[in-house]
Amino acid sequence: MAASNQPTYPHLPPKLILMSTKAYFSPAHTINYLKSLLDPSSGIIPLPTSDILFGLIPDFLSIHPCAAILSEHSQSTSTSSKHPQQWPLHLGAQDSFWEPTYGAYTGCTVPAALKTLGITIVEFGHAERRRLLSETDETTAKKAAAASQTGLIPLVCIGELNAPDLQGPMSMAVGNAMSQLTPQITSLLSAIPLHAPVIFAYEPVWAIGAAEPAGVEFVGPVVQAIRQVVGKFEKTRGRTGVTRVVYGGSAGPGLWSGRTNGGMGLGEWVDGMFLGRFAHRIEGVKDVVDEVVGSMA
Ligand SMILES: O=C(CO)COP(=O)(O)O
């Protein structure tokens, strides 16, 4: 019987807490940061990994030593499986090339190489890459397709450019955002295998690197509309893969639970959080983890 060349994918739990260090840290800093996350005194690890995916997405130079640390950590704490999916946190990459495997692609990192290190998630289409490197929906979809074909989970950033006008009707604000988000979603879903899992990171471009995240009263209905676009695609095109939607853009402690937002918690709307600057302090990560775990009790 011919071997199936359909890739298998890591389990995608219902809740996700993801952190990207972008290019903020030196490799030595990232290694110390990872060690702090893993240190029992931080009170973060272990998490119930079948319910929550906790993931760190470091820069490319730091990936190899981070993978070695995680592999060693899981060997010292477990007598059973040492598979990367049993590591205390998932390791992601901030990009990969649109060819799935090795070749003459100077300066590129192919998904096959990432997979050998235990990487499970690859981020694509971040607003910073779209702005600084002219990445488009098309290149994002091509890259995500190559990662999907390799059995990695694409984490695809989508977002509208301008802040909404909240003086007018909310339906209009959401509609304006969706006019930019819908093609970002459908071009991506059209490129990956129908059974491939995907994580969409809804990151309103105007809310990245800001003092405050976008308001829950706006993000909630936008995320609902994103899910409708995905649902329609599933119905009309036969998509069966799991889709999760997380929020990023100045996300930090208090947002999930609503503690800092008059009780309106984002946790009711999204499947997870994608942290940037507010993960730089280990205590901030611990706060967010506690909020997510607390909401699942
Ligand atoms: O872009 C982000 C995550 O990808 C969020 O970054 P900030 O939290 O720094 O806004």
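Refer to the preceding data block for the structure.
Residues numbered from 1 in each chain as written. Predicted model: local features only at pLDDT ≥ 70, side-chain atom pairs only at ≥ 80, totals over all residues. Heavy atoms only, no water.

**What to know about the nonpolar core**
Ranked by size, the top nonpolar core spans 74 residues in total, and within it Leu 37, Phe 54, Ile 185 and Tyr 247 carry the most contacts. With ten residues, helix α7 (residues 216-237) is the single largest residue contributor to this core. Among residues more than four places away in sequence, those in contact with Ile 185 are Ile 158, Met 178, Phe 200, Ile 226, Val 229 and Val 230. Grouped together as the second largest cluster of nonpolar side chains are 13 residues, Leu 18, Ile 57, Ile 153 and Leu 155 included. (Core = buried A, V, L, I, M, F, W, Y, C linked by side-chain atoms within 4.5 Å. Buried < 20%, exposed > 50% of the residue type's maximum accessible area, 1.4 Å probe, protein only. Helix = DSSP H or I, 4+ residues; strand = E, 2+ residues; numbered from the N terminus. Contact = heavy atoms within 4.5 Å.)

**Considering the site of the ligand**
In the vicinity of the ligand, the contacting residues are Lys 22, His 126, Glu 203, Ile 208, Gly 209, Gly 249, Ser 250, Phe 274, Gly 276 and Arg 277. Glu 203 places a side-chain nitrogen or oxygen 2.9 Å from an oxygen atom of the ligand. Taking 300 Å² as the accessible area of the ligand by itself, protein coverage stands at 100%. Class assignment for the residues of the shell around the ligand results in two nonpolar, five polar and three charged. (Near = heavy atom within 4 Å. Polar contact = N/O pair within 3.5 Å; in protein donor to acceptor, adjacent residues only side chain to side chain. Areas by Shrake-Rupley, 256 points an atom, 1.4 Å probe, with all protein chains shown as cover. Nonpolar A, V, L, I, M, F, W, Y, C, P; charged D, E, K, R; others polar.)

**Some points on the environment of Leu 161**
With respect to the secondary-structure elements, Leu 161 resides in the loop between β5 (153-158) and α6 (170-191). In this structure the C-alpha to C-alpha distance between Leu 161 and Ala 127, which are 34 residues apart in sequence, comes to 9.0 Å. The residues contacting Leu 161, other than those within four sequence positions of it, are Gln 180, Val 205 and Trp 206.

**Focus: the sheet that holds strand β3 (residues 90-93)**
Strand order in the closed barrel formed by eight strands is β1-β2-β3-β4-β5-β6-β7-β8, and the pairing between neighbours is parallel. Between one strand axis and the next, the sheet turns through 25 degrees on average, direction left out of account. Pairing between strand β7 (residues 243-248) and strand β8 (residues 272-275): three bridges, direction parallel. Pairing of Tyr 247 across the sheet is with Met 273, part of β8. (Pairing = 2+ DSSP bridges. Axes fitted to C-alpha atoms, helices over the stretch in contact; angles between N-to-C directions.)

**A few points about helix α1 (residues 27-38)**
Over its twelve residues, α1 runs 17 Å from end to end, which matches the ideal 16 Å to within 8%, given 1.5 Å per residue. By the burial criterion, the buried members of α1 are Thr 30, Ile 31, Tyr 33, Leu 34, Leu 37 and Leu 38. One face of α1 carries all of its buried residues, which in axial projection span an arc of 160 degrees. Those residues of α1 that are buried lie in contact with β1 (15-20), β2 (52-57), α2 (60-77) and α8 (282-296). (Expected span 1.5 Å × (residues − 1). Arc of directions from axis to C-beta.)

**Here we look at the side chain of Ser 20**
On the secondary structure map, Ser 20 appears in strand β1. For Ser 20, a relative accessible area of 6% corresponds to the buried category. From its side chain, Ser 20 meets the backbone nitrogen of Lys 22 in a polar contact 3.0 Å long. Other than its neighbours up to four places away in sequence, Ser 20 contacts Ile 57, Gln 94, Glu 123, Phe 274, Leu 275 and Gly 276.

**Section: α8**
Between its first and last C-alpha, α8 extends 21 Å over 15 residues, near the 21 Å set by a 1.5 Å rise per residue. For α8, the set of buried residues is Ile 282, Gly 284, Val 285, Val 288, Val 289, Glu 291 and Val 292.

**Digging into the packing of helix α5 (residues 137-149) against α6**
Each pair of packed helices can be described by the angle between their axes along with the distance between the axes. Two elements in contact, α5 and α6, have axes separated by 8 Å at closest approach and are oriented at 35 degrees. In this structure, the crossing between α5 and α6 has a hand that is right-handed. In contact with Asp 137, Thr 140, Ala 141, Ala 144 and Ala 145 of α5, α6 contributes Pro 183, Gln 184, Ser 187, Leu 188 and Ala 191. Its residues placed into classes, the contact of α5 with α6 shows six nonpolar, three polar and one charged. (Left-handed = near helix turned anticlockwise from the far one by under 90°.)

**Digging into the environment of Phe 200**
Residue placement: Phe 200 occurs in strand β6 (residues 198-202). A sequence separation of 75 residues divides Phe 200 from Gly 125, and the C-alpha atoms of the two residues are 10 Å apart. In this structure, Phe 200 is in contact with Val 156, Ile 158, Ile 185, Leu 188, Leu 189, Val 230, Thr 243, Arg 244, Val 245 and Val 246, ignoring residues within four places of it in sequence.

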